[in-house]
Structures are given as structure tokens and as C-alpha cells.
Amino acid sequence: MKILSFSFILGLVFLYFMNMAMLKTAILNTEWSIHAGTRFLLGFFVMGVSYFYAKSLSFKNALKLILVIVILDYFYDYYIEAYHLNFQIILHGIYMLVWGALMGYLTASLRAAKG
């Protein structure tokens, strides 16, 4: 339980500095939080729980699913002209996926160890 809390807090600290340094955006920006949350949840459920923990998806299929959803999100952003795709946004998305995958794996493994 301590490792899960530590990972979450450390992830939030890195997210804060990443948002301020790369994107110059506050964490609580509603529009940006939706994008970051989407990538975090994709990492959490698809990579962390379904691939790393349960092995119900192959790595290739998990990446394909994530790629399709992320590309659709980028197309939607381009369509509504929310922001333009650049290297910082891609790095931020990768960070959110990795952090979500780590949190998903830790949550699933700690949950299985308890019961």
C-alpha cells in the first residue's frame, strides 16, 4: 500500500513540473485534464491491468488499442482546434500512459495480494 501511495504522489509531483515546464499549463485546466486523464486511464486499464497483470491482452494488441484511441483523440483536438500536436504533447502523453500503467499494475497486484 505504501508503494502505491508513493508512486501516486511522486507521479503527481512529476506531472506538476512537467505541465509547468513543458506545457505552461496548470494541472487543473479542465480541457487538458480530460486529455491527460484519458491517457492515464488507458495506461491504467489497458497496459497496467489487462497486459502487465492479467495477461488478457498481448502487448501488440494493447498497443494497437491505445494507438487507435490516442489518434482519434488527436484528430478530435485538431478538428476543434484545441491545440496543435507537438513534441511536448507527445512526451506528456507517453508519461501519462507509463504512469497509468505503473499505477494499474501496482493496484491490481496489491488487490490480488489482499484477497
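Definitions and limits used
Residues numbered from 1 in each chain as written. Predicted model: local features only at pLDDT ≥ 70, side-chain atom pairs only at ≥ 80, totals over all residues. Heavy atoms only, no water. Phe/Tyr/Trp six-rings, centres within 6.5 Å; stacked < 30°, edge-to-face > 60°. Lys NZ or Arg CZ within 6 Å of the ring centre and 35° of its normal. Helix = DSSP H or I, 4+ residues; strand = E, 2+ residues; numbered from the N terminus. Buried < 20%, exposed > 50% of the residue type's maximum accessible area, 1.4 Å probe, protein only. Contact = heavy atoms within 4.5 Å. Salt bridge = Lys/Arg side-chain N within 4 Å of Asp/Glu carboxyl O. Core = buried A, V, L, I, M, F, W, Y, C linked by side-chain atoms within 4.5 Å.

## Section: the packing of aromatic side chains
For the structure shown, the criterion picks out 8 aromatic pairs. Among the aromatic residues, ring-to-ring pairing joins Phe 8, Phe 40, Phe 44, Phe 45, Tyr 95 and Trp 99 into one connected group. Above the face of the Tyr 51 ring, Lys 55 is positioned so that its terminal group lies 4.8 Å from the ring centre.

## Focus: the side chain of His 92
Position of His 92 relative to the elements: it lies in helix α4 (residues 87–114). Note on His 92: relative accessible area 1%, which makes it buried. Apart from residues no more than four positions distant in its own chain, His 92 is found in contact with Leu 15, Met 18, Asn 19, Met 22, Leu 23, Trp 32 and Ala 36.

## What about the pattern of salt bridges?
Within the structure shown, the criterion is met by 1 salt bridge. Of the charged contacts in the structure, one is a salt bridge between Arg 39 and Asp 73, with a shortest N-O distance of 2.7 Å. Of this pair, Arg 39 sits in helix α2 (residues 30–53) while Asp 73 sits in helix α3 (residues 59–80), placing them 34 residues apart in sequence. Like Asp 73, Arg 39 is buried.

## Quick look at the nonpolar core
Leu 42, Val 46, Met 47, Ala 62, Ile 66, Val 70 and Ile 89 are the most contacted members of the largest nonpolar core, which has 13 residues in total. Per-element accounting of this core gives the leading share, 5 residues, to α2. Excluding residues within four positions of it along the chain, Met 47 makes contact with Leu 42, Phe 52, Phe 59, Ala 62, Ile 66 and Ala 101. Membership of the second largest hydrophobic core comes to 11 residues, among which are Leu 4, Ala 36, Met 96 and Trp 99.

Just geometry here; none of it tells us what the structure is for.
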